[in-house]
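Secondary and tertiary structure notes
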Amino acid sequence: MTPADLHAALRDRFGDAVRELHEATDPWIEIAADAVPDVLTFLRDEHRLRHLNDLTAVDFAPRPGDKGKYEGEPRLEVVYRLSDFPLTQSHTLKVVLPRGTNDDLPEVPSASGIFPIAEWHERETFDLLGVRFTGHPNLCRILTSDDWVGHPLRKDYEMPEEYGGIRCR
């Protein structure tokens, strides 16, 4: 199934919750955040995309001091890469979110009830990029300490001078 075929099937089933098909070197389909559980369940059950290869996020924002090097609205994109077995097809879905702040993180429903491996991926994405996955059974930091401030893979993250008495930079 081509990305265009899959996009058409998703639009038929979910309407406006499935946004546009971005045809690039690596095509992807944009979906609404609240549609994630239904779309992923449909793809797993009806289209045999039963493997969540990856779930991560990308921060599209200028770094402080990067004048004129970034164009576009600052955003986070949560990326889902799915495939079937025996790997005859793979597809990429994305949820585009506002960046939010440390006090007001963007939210997406958890995929952990659909793909159990998502528990780890979502914790890592929460920890490093600051996306809150609602309904996650144990959404806590996985790579940084529980009292760490901020999300280290955000473009505007500022490394602390020290942490726990240890110099960081």
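A few points on the structure. Every value quoted in this text rests on a predicted model; they were computed, and no experiment measured them. (Residues numbered from 1 in each chain as written. Predicted model: local features only at pLDDT ≥ 70, side-chain atom pairs only at ≥ 80, totals over all residues. Heavy atoms only, no water.)

Next up on the list: the environment of His22. Following the sequence through the fold, His22 ends up in strand S1 (residues 18-22). Take His22: its relative accessible area is 22%, and that puts it in the partly exposed class. As for His22 and Leu49, which are separated by 27 residues in sequence, their C-alpha atoms are 20 Å apart. With residues near it in sequence (within four places) discarded, His22 still touches Pro27, Trp28 and Glu30. Engagement of the side chain of His22 in a polar contact is seen with the side chain of Glu30, the distance being 3.4 Å. (Helix = DSSP H or I, 4+ residues; strand = E, 2+ residues; numbered from the N terminus. Buried < 20%, exposed > 50% of the residue type's maximum accessible area, 1.4 Å probe, protein only. Contact = heavy atoms within 4.5 Å. Polar contact = N/O pair within 3.5 Å; in protein donor to acceptor, adjacent residues only side chain to side chain.)

Another aspect to go through is the pattern of salt bridges. Counted under the stated rule, the structure contains 10 salt bridges. The residue Asp45 makes a salt bridge to Arg44 at a minimum N-O spacing of 2.7 Å. Given a relative accessible area of 40%, Asp45 falls into the partly exposed group. Residue classification places Arg44 among the partly exposed residues on the basis of a relative accessible area of 22%. Residues Glu77 and Lys94 are paired through a salt bridge, measuring 3.2 Å at the closest nitrogen-oxygen approach. Taken as a pair, Glu77 in strand S4 (residues 75-83) and Lys94 in strand S5 (residues 90-97) lie far apart in primary sequence, 17 residues in all. (Salt bridge = Lys/Arg side-chain N within 4 Å of Asp/Glu carboxyl O.)

Here we come to the packing of aromatic side chains. For the structure on display, the rule yields 2 aromatic pairs. Judged by centre distance (5.5 Å) and plane angle (80°), the rings of Phe14 and Phe42 are edge-to-face. Here Phe14, found in helix H1 (residues 3-14), pairs with Phe42, found in helix H2 (residues 36-46); they are 28 residues apart in sequence, far enough to count as distant. Taken individually, Phe14 and Phe42 each receive the classification buried, so the pair is uniform in this respect. One residue, Arg75, lies across the ring of Phe60, its end atom 4.2 Å from the ring centre. (Phe/Tyr/Trp six-rings, centres within 6.5 Å; stacked < 30°, edge-to-face > 60°. Lys NZ or Arg CZ within 6 Å of the ring centre and 35° of its normal.)

It is worth spelling out the environment of Leu40 at this point. Position of Leu40 among the secondary structure elements: in helix H2. Under the relative-accessibility criterion, Leu40 is labelled buried at 1%. Each C-alpha atom of the pair Leu40 and Asn138 lies 20 Å from the other, and the pair is 98 residues apart in sequence. Not counting residues up to four positions away in its chain, the partners in contact with Leu40 are Tyr80, Leu82, Leu93, Ala111, Ile114 and Phe115.

In this section: unusual backbone geometry. Geometrically, the link from Phe85 to Pro86 is a cis peptide bond, its omega value of 15° lying close to zero. Even without a glycine there, the phi angle at Arg48 is positive, about 60°. Here Arg48 is to be found in the loop between H2 and strand S3 (51-60).

Distances and angles like these do not, on their own, reveal function.
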